[in-house]
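# Analysis of the macromolecular model
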Amino acid sequence: MLNETAAHTGQNKIDTVKNLTIVADSNIASLDDFFNASMLGQLTGQSVDIIKVAGREINATLIADKQPDVLLIRSVTQVSEPLLADNDSVQFVGSATIGTDHVDQGYLAQRQISFANAAGCSKHSVAQYVLTAILTLRPTHWQQPLTLGIIGLGNIGSTLAQYAIELGWHVLGYDPLLPASSLNNASFEQVIRQSDVVSLHVPLTDIKSVSHPNGSDYPTRHLLDKTVFDMLPAETLLINSARGPVIHASDLEADIERTQRQVVLDVFEHEPQITESLLSKLAIATPHIAGYTVEGKLRGTQIIYDELCESLAVTPAQFMHDLLPLNMFLWPELKAQPVKLIKFYDIMQDDRDLRAKVIDGQVSGADFDQLRRDYHLRREWLF
């Protein structure tokens, strides 16, 4: 399907060793609660050494130096031959994210390195982000139906459709890799031309070719460019919480200048840098945090922890529900009292925090990453 899907390649069991070394992105939630000796080694007597670093600092030098058995990442770490060429110790890679475009799964399979990602971990979080953006900019649609176009009907897109249907909205869905259905009910052009809001929920893929043998027959890089913008009605709200390069950034800027279109971006083509020129044209802009809820991030950790336990032949001993604080945010309550939306999620505060980081015409990569690292995780609404 066009949306991000589960990936678990390789069924290799990790060799039993006395010391298990893990290099992990420090932005993965609750690392110490899941990845410790009592949670991973209680049946094998293993000790666990976990080395936590910023995701963009996980590089070939670090991997060659630490020679970890396990690598735990998020989307900012590119895992491919350049990262692992000088390493022969890594046996398991886990990504606490839905997306997998940052991982060369073919290369890992060649190396017989097991891989798992956290499919579906933040599907409600991202769907609720999209709803919040729509209803913040166009609050009349709590009561007045709209037509929501969803491109990519995987975990997130199909979940968003459930919320839309509950609100009485009409859904136009497009996913060329799924069979026709009540949701997958339109062509790409129909979604573009006939929707009041278009929301993107696709992975980043290139066209299949000799240079990209793992590419797609339905590539999504620059899926929305000038040709598509020329078809998109000026009053259509556009939301991208998928991958930045799915939209051609300069074509988008030109389109907004021409149409004054409302656009919401949580991801950016040249992320983590964002130009003030683009930022100033957006209705809402946030620093790649659509999936950043307590539940979404813990679920991501749980999924890769469970997969690692399987590779270690260990029974999982930690469960996210034991770590979750009480959640008072109920979707039925919000539907009944829409005025509470800002208390459930103040998306405009995230927008203000990002715009406040503009210095000398841009948001720097360091400031963008800091906003993500220090983000106060919101709560998922209980559906």
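These numbers come from a predicted model, not from an experiment. (Residues numbered from 1 in each chain as written. Predicted model: local features only at pLDDT ≥ 70, side-chain atom pairs only at ≥ 80, totals over all residues. Heavy atoms only, no water.)

## Topic: the nonpolar core
Note the cut-off: Side-chain atoms within 4.5 Å are what join buried Ala, Val, Leu, Ile, Met, Phe, Trp, Tyr and Cys residues into a set we call a nonpolar core. When accessible area is computed with a 1.4 Å probe and restricted to protein chains, residues below 20% of their type maximum are described as buried, those above 50% as exposed, and intermediate ones as partly exposed. For helices the rule is a DSSP run of H or I covering at least 4 residues; for strands it is a run of E covering at least 2, with both sets numbered from the N terminus onward.
In terms of nonpolar packing, the biggest core is built from 40 residues, with Ile134, Leu148 and Trp169 touching the most fellow members. Of all the elements in the fold, those that place two or more residues in this core are helix H6 (123-137), strand E7 (147-151), helix H7 (155-166), strand E10 (237-240), helix H13 (331-336) and helix H14 (341-344). Among the elements that take part in this core, H6 stands out by supplying 8 residues, more than any other. One finds Leu172, Leu223, Ile256 and Leu265 within the second-largest nonpolar core, a separate group that totals 34 residues.

## Structural notes on empty space enclosed by the protein
Selection criterion: Here a cavity means grid points, on a 1 Å grid over the protein atoms only, where a 1.4 Å probe fits yet cannot get out; a pocket means an open set of points with protein on both sides within 12 Å along at least five of seven lines; lining residues are those with an atom within 4 Å of a point. Grid points are joined across faces, edges and corners, and a volume is the space filled by probe spheres set on the points. Residues are grouped as follows: nonpolar covers Ala, Val, Leu, Ile, Met, Phe, Trp, Tyr, Cys and Pro; charged covers Asp, Glu, Lys and Arg; every other residue, Gly included, is treated as polar.
In total, this model carries 3 cavities of 30 Å³ or more according to the counting rule given. In this model, the largest cavity occupies a volume close to 280 Å³. Arg74, Ile98, Ser122, His288 and Gly291 are, among the 23 residues lining the largest cavity, the residues nearest its centre. For the lining of the largest cavity, the element with the highest residue contribution is helix H12 (residues 294-312), accounting for 3 residues. Considered class by class, the residues forming the lining of the largest cavity number 8 nonpolar, 9 polar and 6 charged. Each pocket or cavity is described by its volume, and for the second largest cavity that value is around 50 Å³. Residue lining of the second largest cavity: Asn240, Gly244, Ile247, Ala249, Leu252, Leu265, Val267, Phe268, Glu269 and Leu278, and that is the complete set.

## Comments concerning H7
Along an α-helix, residues three or four positions apart point the same way, because every turn accommodates 3.6 residues. This is how the line gets drawn: One less than the residue count of a helix, multiplied by 1.5 Å, gives the span that helix is expected to have. Two residues qualify as a contact provided that any one of their heavy atoms is within 4.5 Å of a heavy atom in the partner residue.
With 12 residues, H7 should cover 16 Å at 1.5 Å per step; its first-to-last C-alpha distance of 17 Å lies within 8% of that length. All buried positions along H7 are accounted for by Ile156, Gly157, Thr159, Leu160, Ala161, Tyr163 and Ala164. Considering only its buried residues, H7 is in contact with H6, E7, strand E8 (170-174), strand E9 (197-200) and H13. Of the residues flanking the end of H7, it is Gly168, one or two places downstream, whose phi is positive at about 80°.

## Description of the packing of aromatic side chains
Applicable threshold: Ring pairs are drawn from Phe, Tyr and Trp, using the six-membered ring of Trp, whenever the two centres fall within 6.5 Å, and their geometry is named by plane angle: stacked under 30 degrees, edge-to-face over 60, tilted for the rest.
Throughout the structure, instances matching the rule amount to 13 aromatic pairs. Geometrically, the ring pair formed by Phe268 and Phe368 is edge-to-face, given 6.2 Å between the ring centres and 90° between the ring planes. Here the residue Phe268 occupies a position in the loop between strand E11 (263-265) and strand E12 (274-275), and Phe368 occupies one in helix H16 (residues 365-373), the gap between them amounting to 100 residues. For the residue pair Phe268 and Phe368, the accessibility class agrees, reading buried in each case. Consider the rings of Phe344 and Trp381, whose centres lie 6.0 Å apart with planes at 75°: the pair is edge-to-face.

That is the geometry; function is a separate question.
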